[in-house]
Amino acid sequence: MVGVTEDLAVFEQVRGRLFGIAYRMLASASEAEDLVQETWLRWQAADRAEVRNPGAFLATTTTRLAINALQSAPARRETYIGPWLPEPIDTSADPYLGAERGEALQFAVLLLMEKLTPNERAAYVLREAFDYSYAEIAAILRSTEPAVRQLVSRARKHIDGRRKATVDADAQRALLASFIAAARSGDMTALEQLFTPDVTSMSDGNGAHQVARRPIVGPVRVARFFATIASWFWEGVDVALVTTNGETSAVLSKNGATYSVITVLGTAQGIETILWQVNPDKINSF
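The structure contained in this document is the topic of the report that follows. Counting starts from 1 at the beginning of each chain's written sequence and moves along it residue by residue. Given that the model is predicted, a residue must reach a pLDDT of at least 70 before its local features are reported, and side-chain atom pairs must reach 80 or more before they are shown or counted; all residues, however, enter totals for whole chains, interfaces and linings. Only hydrogens and water are set aside when side-chain values are computed; all heavy atoms of the structure are taken into account.

Quick word on the nonpolar core
One broad trend across soluble globular proteins is that nonpolar side chains are buried collectively. Operational definition: By nonpolar core is meant a set of buried Ala, Val, Leu, Ile, Met, Phe, Trp, Tyr and Cys residues that side-chain atoms within 4.5 Å join together. Buried means the residue's accessible area, taken with a 1.4 Å probe over protein chains only, is under 20% of the maximum for its type, while exposed means over 50%, and partly exposed covers the values in between. Secondary structure elements are defined from DSSP: runs of H or I of at least 4 residues count as helices, runs of E of at least 2 residues count as strands, and each element is numbered from the N terminus.
F19, Y23, M25, M113, Y132 and L141 are the most contacted members of the largest nonpolar core, which totals 54 residues. The dominant element in this core, judged by the number of residues it contributes, is helix α1 (residues 2-26), at eight residues. Membership of the second largest hydrophobic core comes to 28 residues, among which are A182, I229, V237 and W276.

In structure tokens:
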């Protein structure tokens, strides 16, 4: 019993970090929880005489399990209906989600990381969010320091080359509030004025009824869509602002049940992306 208690104490000390790694790798809170549980089982079964650094062992186990999961993700995504978006997670209590920094947590970056290889994603997350040294990452990935530097460099170029300059937290929150107000009123002019020329609305519902299965692109088309549904969509809907992934999101509920979580990605020119998370499996914690 003493051994089990000690093992649990060691595990709990780094559990937040393990979840933070797994979530950034998988962009799914539920899958990250399952993966952390699998790490706990492997920790219980590990030969303590062979484990010199429990923290390193647990981080390595979590990262390698996440890489394995990412390698099978494309096959699972083939059966997904419509756009696949990251699962929002409440970061009000832990803004950095177990990390040294809040990197690789924002929705815009999680979406861009979808194009990285599993090893690139792992190296980027460990380096940028958790400040692991190149030597530590090389040990985790069973690689070399020069190879890891290349992985991180390629990942940075991909993300930095495609990520647009975003507004600060207060401006993003204001854009979201303005969007909700304009969408509720169905005011096309007000909506169009909020959008960038290449604004995109994406809905993740995995085939749910009355959820768009393709992205809607362009200020006129996006504004027309929201103006069209305004007459019926918002009736009886309550809106609460919450902090998800370090940004402000709106939780929409009706009769006490959460229906959707909406986030906007903003630039100095206005709202560039509207993310609608409508898949009930991804919002059941709100």
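There is more to say after this.
A closer look at the pattern of salt bridges
Quick note on the threshold: By definition here, a salt bridge exists when the distance from a side-chain nitrogen of Lys or Arg to a carboxyl oxygen of Asp or Glu is within 4 Å.
Following the criterion strictly, the structure yields eleven salt bridges and no others. For E120, the salt bridge is made with R154, and the minimal N-O distance between the two is 2.9 Å. Remark: R154 occurs in helix α7 (residues 145-162) and E120 occurs in helix α5 (residues 118-129); sequence separation between them is 34 residues. With a relative accessible area of 11%, E120 lands in the buried category. The partly exposed category is assigned to R154, whose relative accessible area is 42%. As a salt-bridge pair, K282 and D204 come within 2.7 Å of each other at their nearest N and O atoms. Of this pair, K282 sits in helix α11 (residues 280-283) while D204 sits in strand β1 (residues 195-204), and the two are 78 residues apart along the sequence. You'll find K282 and D204 in the same group, each marked buried. Sharing partners across several salt bridges, the network here consists of E12, R15 and E33.

Some details on the side chain of N245
Which entries qualify depends on this criterion: Any N or O atom pair separated by 3.5 Å or less is treated as a polar contact, with the protein-specific requirement of one donor-capable and one acceptor-capable atom, and with residues adjacent in sequence counted only for side-chain atom pairs. Residues are treated as being in contact if the distance between any of their heavy atoms lies within 4.5 Å.
Tracing the backbone through its elements, the reader meets N245 in the loop between β3 (237-244) and β4 (247-254). In terms of polar contacts, N245 uses its side chain to reach the backbone amide nitrogen of I89, at 3.0 Å. The residues touching N245, leaving out its near neighbours within four places in the chain, are Y23, E87, P88, I89, T91, L105, Q106, F107 and L110.

Some details on helix α2 (residues 29-45)
Stated formally: By definition here, a helix of n residues has an expected span of 1.5 Å times n minus one. Within this analysis, the arc is defined by the directions that extend from the helix axis to the C-beta atoms.
An ideal rise of 1.5 Å per residue puts 24 Å on 17 residues; α2 measures up with 25 Å between its terminal C-alpha atoms. Regarding α2, the residues found buried are A29, A32, L35, V36, T39, W40 and W43. Seen along its axis, α2 keeps its buried residues to an arc of 150°; they face one direction. Exposed and facing more than 90 degrees away from the buried side of α2 are D34 and A45.

Treat this as a map of the structure, not an account of what it does.
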